[in-house]
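Take a look at the letters that make up each chain.
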Amino acid sequence: MKNWMFRVCAIASFVVLAAMGHSFVRAADAAAPFSDKHVLVIGIDGCRSDALQAAKATNIKSLIQNGSVCYCAYSGGKLGTKTQQLTISGPGWASILTGVWLNKHRIPDNDFKNPNLKRIVDGKNVGYPHFFTRIKEKYPNCRLASIVNWGPINSIILSDADYQDGGSDTVVAQKCAKLLLGDRNPAVVFLQFDELDGAGHSKTYGPQSPEYMKMLETVDTHIGTVLAAMRKRPNFANEDWLVLLTADHGGINKGHGGQTPEERTVFIVASGGGYPHEVVRGEWGIVAIPPTVLRHLGIPVDPAWGWESAAFGAK
């Protein structure tokens, strides 16, 4: 069970240095590097792929109907190799956000004792930072936001966000909706919903659990709140949004951490951004998320970053 004391609700400042002194970057200027391209990444903690397929999740299903999905994506690294990691939140979210597995990010559990994330050496980023850092290296003025339920994502893994906040799943959705309808105009937003994982620990994981499935449908409602706000944006008709959806791990009985299919098998959904309506086959790890974001934004991936995957769906 994750340590709920880690939850934080910190808000970063948005002050940048302008030519005539300190002033706020206008929303149009912040988005300019990517024209009208935006990415929304949604993570559902502890969501099993088979449960997603069985759920009455109308908002998630609408994303799938308008994009590509892989129901056999995996967490936990590659079995029997140095990349293998526990199917728990610390290494799971680290892999989703850094594009690498345990052998590189060095987050084996939820204690975060010696992470190999962002470090500055001789003016360069060393280690394996959050993918926000790679975007900021190319476009320092773009706006990036992270709103999560599980605090360590923002307090430990996150770097180079302009806006970060947190709270319950309901609060995460509400704050994201407000952000999307405000004047900050983020290029990329990362959201994490956590309460489905709690339902799995409390009752049991999987489609056989009424409580787990009901909570998954509640999370779907929260996602609907976010999508409705996105579509109400004044310039939405001219924007090119890519929505990505995945999970850090699954679960079995009342727990997770092992390498059973129930714990390893998750999903990746890519909706919008030119993705066709199709079921994607093949082995796709959760480390595919960062390169998928950057491909949509038109930022080349530097091989020196050591990322473990091509962009999702790449031929």
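Coordinates for the structure precede this section.
Calculation rules
Residues numbered from 1 in each chain as written. Predicted model: local features only at pLDDT ≥ 70, side-chain atom pairs only at ≥ 80, totals over all residues. Heavy atoms only, no water. Helix = DSSP H or I, 4+ residues; strand = E, 2+ residues; numbered from the N terminus. Buried < 20%, exposed > 50% of the residue type's maximum accessible area, 1.4 Å probe, protein only. Contact = heavy atoms within 4.5 Å. Salt bridge = Lys/Arg side-chain N within 4 Å of Asp/Glu carboxyl O. Core = buried A, V, L, I, M, F, W, Y, C linked by side-chain atoms within 4.5 Å. Pairing = 2+ DSSP bridges. Axes fitted to C-alpha atoms, helices over the stretch in contact; angles between N-to-C directions. Lys, Arg positive; Asp, Glu negative; His and termini not counted. Polar contact = N/O pair within 3.5 Å; in protein donor to acceptor, adjacent residues only side chain to side chain. Parallel < 35°, antiparallel > 145°, perpendicular 65-115°, else oblique. Nonpolar A, V, L, I, M, F, W, Y, C, P; charged D, E, K, R; others polar.

**A closer look at the overall build of the protein**
Within the protein one finds twelve helices and twelve strands. The 315 residues of the protein split such that 55% are buried. Counted over contacts in the protein with a minimum sequence separation of 6, partners at least 24 positions apart contribute 69%.

**Details of the pattern of salt bridges**
Throughout the structure, instances matching the rule amount to eight salt bridges. Of the charged contacts in the structure, one is a salt bridge between lysine 37 and aspartate 240, with a shortest N-O distance of 3.1 Å. Here lysine 37 is found in strand S3 (residues 37-44), whereas its partner aspartate 240 is found in strand S10 (residues 240-246), with 203 residues between them in sequence. Of the residues examined, aspartate 240 reaches a relative accessible area of 27% and is grouped as partly exposed. As a salt-bridge pair, glutamate 308 and lysine 104 come within 3.1 Å of each other at their nearest N and O atoms. Taken together, the positions of glutamate 308 in the segment after helix H12 (289-297) and lysine 104 in helix H5 (residues 102-105) put the pair 204 residues apart, joining distant regions of the chain. Note on lysine 104: relative accessible area 18%, which makes it buried.

**A look at the nonpolar core**
Counting 89 residues, the largest nonpolar core has Ile135, Val188, Leu191 and Val293 as the members making the most contacts within it. In terms of residues, this core owes the most to one element, helix H10 (residues 210-231), which gives nine residues.

**Considerations on the pairing of S10**
Burial analysis of S10 places six of its seven residues in the buried class, the great majority of the element. Bridge count for S3 against S10 is seven bridges, and the pairing is parallel. Its bridge partner being in S10, valine 39 is matched across the sheet by leucine 242. Bridging between S10 and strand S11 (residues 265-272) involves five bridges; their strand directions are antiparallel. Looking at S11, one finds that leucine 242 is bridged to glycine 272.

**Regarding the environment of leucine 52**
Its location among the elements puts leucine 52 in helix H2 (residues 49-54). Separated by 164 residues in sequence, leucine 52 and leucine 216 place their C-alpha atoms 7.7 Å apart. Sequence-distant contacts of leucine 52, that is, excluding residues within four places in its chain, are made with Cys47, Ile60, Lys61, Leu216 and Phe267.

**Overview of the sheet that holds strand S8 (residues 163-166)**
Read across the sheet, eight strands follow the order S8-S7-S9-S3-S10-S11-S4-S12 without closing on themselves; strand pairing throughout is mixed. Both edges of this open sheet fall to S8 and strand S12 (278-279), since each of them pairs with a single strand only. The strands touched by helix H3 (residues 58-65) are S3, strand S4 (67-74), S10 and S11; relative to S4, the strand with the most contacts, the crossing angle is about 110°. Running over the sheet, helix H4 (residues 89-98) touches S3, strand S9 (188-193) and S10 and is turned about 165° from S9.

**Focus: the side chain of glutamate 263**
Assignment of secondary structure puts glutamate 263 in helix H11 (residues 261-264). Of the side chains bearing the opposite charge, arginine 264 lies closest to the buried glutamate 263, which forms no salt bridge; the N-O distance is 8.7 Å. A polar side-chain atom of glutamate 263 sits 3.0 Å from the main-chain amide nitrogen of glycine 257. Beyond its immediate chain neighbours, meaning those up to four positions away, glutamate 263 contacts Ser75, Thr87, His249, Gly250, Gly251, Ile252, Gly255, His256, Gly257 and Gly258.

**Observations regarding H4**
Counting buried residues along H4, ten of its ten residues qualify, which places the element largely inside the surrounding structure. Listed in full, the buried residues belonging to H4 are Ser89, Gly90, Pro91, Gly92, Trp93, Ala94, Ser95, Ile96, Leu97 and Thr98. Downstream of H4 by one or two residues, glycine 99 has phi in the positive range, about 80°.

**What to know about the packing of helix H8 (residues 169-181) against H10**
It is the contact of H8 with H10, at a shortest axis distance of 8 Å, that shows an interaxial angle of 10°. One way to sum up the angle between H8 and H10 is to call them roughly parallel. Contacts between H8 and H10 involve Asp169, Thr170, Ala173, Cys176, Ala177, Leu180 and Leu181 from the first element and Val219, His222, Thr225, Val226, Ala229 and Met230 from the second. Each residue belonging to the contact of H8 with H10 can be placed in one class, and the counts come to nine nonpolar, three polar and one charged.

**Description of the pairing of S4**
Buried residues dominate S4, accounting for six of its eight residues. Where S4 and S11 come together, six bridges link them in antiparallel fashion. By the bridge assignment for S11, cysteine 70 is matched with isoleucine 268. Across two bridges, S4 lies against S12 in parallel orientation. Paired with valine 69 across the bridge in S12 is valine 279.

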